[in-house]
Number of protein chains: 2
Amino acid sequence: MSVKSIICSESKEIAGYSFDEYREIVKEFHGSEAPGLLIGGFMVALALQNLEEGGLYDAISETRTCLPDAIQLLTPCTIGNGWLKVVPFGRYALTLYDKTDASHPGVRVYVDAAKLKAWPEIYAWFFKLKTKGQEGQKNLTEHIRQAGTSILSISRVSVNDQFAKKLHKGKIDVCQQCGEAYPAADGKSCLACQGNIVYS
Amino acid sequence: MSVKSIICSESKEIAGYSFDEYREIVKEFHGSEAPGLLIGGFMVALALQNLEEGGLYDAISETRTCLPDAIQLLTPCTIGNGWLKVVPFGRYALTLYDKTDASHPGVRVYVDAAKLKAWPEIYAWFFKLKTKGQEGQKNLTEHIRQAGTSILSISRVSVNDQFAKKLHKGKIDVCQQCGEAYPAADGKSCLACQGNIVYS
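Values in this document were obtained by computation on a predicted structure and should not be read as measured data. (Residues numbered from 1 in each chain as written. Chains lettered and ligands numbered in written order. Predicted model: local features only at pLDDT ≥ 70, side-chain atom pairs only at ≥ 80, totals over all residues. Heavy atoms only, no water.)

As for the packing of helix H1 (residues 19–30) of chain A against helix H3 (residues 67–74) of chain A
Residue and element names in this part refer to chain A. Our working rule: Comment: axis = line fitted to C-alpha atoms, over the contacting stretch for helices; angle = value between 0 and 180 degrees taken between N-to-C directions. Strands here are runs of E lasting at least two residues and helices are runs of H or I lasting at least four, both read from the DSSP assignment and numbered beginning at the N terminus. Any angle that is under 35 degrees is reported as roughly parallel, and any over 145 degrees as roughly antiparallel; angles of 65 to 115 degrees are reported as roughly perpendicular and all others as oblique. By convention the crossing between two helices is left-handed if the near helix lies anticlockwise of the far one by an angle smaller than a right angle, and right-handed if it lies clockwise. Any two residues whose heavy atoms approach within 4.5 Å at even a single point are treated as in contact.
Put simply, H1 and H3 touch, their axes get as near as 11 Å, and they point 115° apart. The angle between H1 and H3 places the two elements in the roughly perpendicular class. Handedness of the crossing formed by H1 with H3: right-handed. In contact with Tyr-22, Ile-25, Val-26, Phe-29 and His-30 of H1, H3 contributes Asp-69, Ala-70, Gln-72, Leu-73 and Leu-74.

Topic: the pattern of salt bridges
Short version of the rule: Definition used for salt bridges: Asp or Glu carboxyl oxygen within 4 Å of a side-chain nitrogen of Lys or Arg. Note on classification: 1.4 Å probe, protein chains only; a residue is buried when its accessible area is under 20% of the maximum for its type, exposed when over 50%, partly exposed between these limits.
Per the stated rule, a full pass over the model turns up 24 salt bridges over all chains. Linking Glu-180 of chain A and Arg-108 of chain B is a salt bridge whose minimum nitrogen-to-oxygen distance equals 2.8 Å. With Glu-180 of chain A in the loop between strand E6 (172–174) and strand E7 (181–183) and Arg-108 of chain B in strand E4 (residues 106–111), this residue pair bridges two chains. Across the pair, exposure class does not vary: Glu-180 of chain A and Arg-108 of chain B are buried alike. Ionic pairing is found between Glu-62 of chain B and Arg-91 of chain B, a salt bridge with its closest N-O pair at 2.8 Å. Linking Glu-62 of chain B in the loop between strand E1 (57–61) and helix H3 (67–74) with Arg-91 of chain B in the loop between strand E2 (84–86) and strand E3 (93–98), this pair joins segments that are 29 residues apart in sequence. As far as the burial class goes, Glu-62 of chain B and Arg-91 of chain B line up, both buried. Residues joined by salt bridges that share partners form a network here, namely Asp-20, Arg-23, Glu-24, Lys-27, Glu-33, Glu-142 and Arg-145 of chain A.

Overview of unusual backbone geometry
Comment: phi is negative for the bulk of residues other than glycine, and the bulk of peptide bonds are trans. Positive phi values are uncommon outside glycine, yet Cys-66 of chain A reaches one of about 60°. Relative to the elements of secondary structure, Cys-66 of chain A occurs in the loop between strand E1 (57–61) and H3. The exposure class of Cys-66 of chain A is buried, given its relative accessible area of 12%. You will see that Ala-15 of chain B, though not glycine, has its phi angle at about 45°, which is positive. With respect to the helices and strands, the residue Ala-15 of chain B is situated in the segment before helix H1 (19–30). On the basis of relative accessibility, which here comes to 35%, the residue Ala-15 of chain B falls in the partly exposed class.

This is the structure in structure tokens:
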């Protein structure tokens, strides 16, 4: 899958959906029309336009917040099928890259802080300069719709082979401590029994 | 939200869907009828039956594989809205717990290795004793349908307050190295610039 010349589309279409159709899908899955997820739709759309059609790709979200849901809704990549990985870098950016060869250039799309200055309402929300009550959700949604992909930038990236490598669980054993199945490669007991950080 | 007496349901209903309806939803979102995701449907259904209706809950998946998608499809909890956390313990287990007070008992549902012995086909798949070609997907799906919740166990758990705590990003700054927005609490530059493990 090769990357075409970079397109900086100003299309208001989101991967085949109108903006309003996409808003409905977002509400159904995510529970609310989170502004980040609306911007995320344009991000995924822009990335897809810059990949060969019909190719198979994996995805990276560089933030845990909102963006993973845009990727899961608009691409075949989900957390559970392993095609989407979340790296908690805290940057509002995503990458789509060739599933069969990570060293082929993929595309990375990010919210461009400089371009955002042309949209003060979105800027104020993105940099958390207003309290939730002050935000004016309706206006913000309208600004996001109008801004479309104009607040985004895109670049070509190569994903590290080591990072892209598919993890396989290998042999499955029964943990001697908890009695549940776990990947034997994790050690003599499962990782939860080795260091439980979840349950009290 | 209190936990009712534990129900070990043998219902074949999956959170309001028939098994076949759920299979269709799974295919659409996940790309295939992964056996783990079919079992995951019964796991979510059993957990939901053991929580008060109308309560708000957060979710934990103790594995990255398949199960997070069952949770995302059948509950309001997604990766992007932060209501679902994945802890890579490698155990096929999920927990749903009170969003407003993690110390209230939540419910944890897991595939019970001992109960699985009554279902040799599922056992062989779960412990990876057969190669992919030998599995016989159709038979496996039928066995999973018939087994329903009978291969699962459920227990009450309390989730560690520290783990349950909602993370807030705090002040957002522009990274001096890459020029992108990041949570200022991460340090003088963003975590990607501090240690890029993703791109080559």
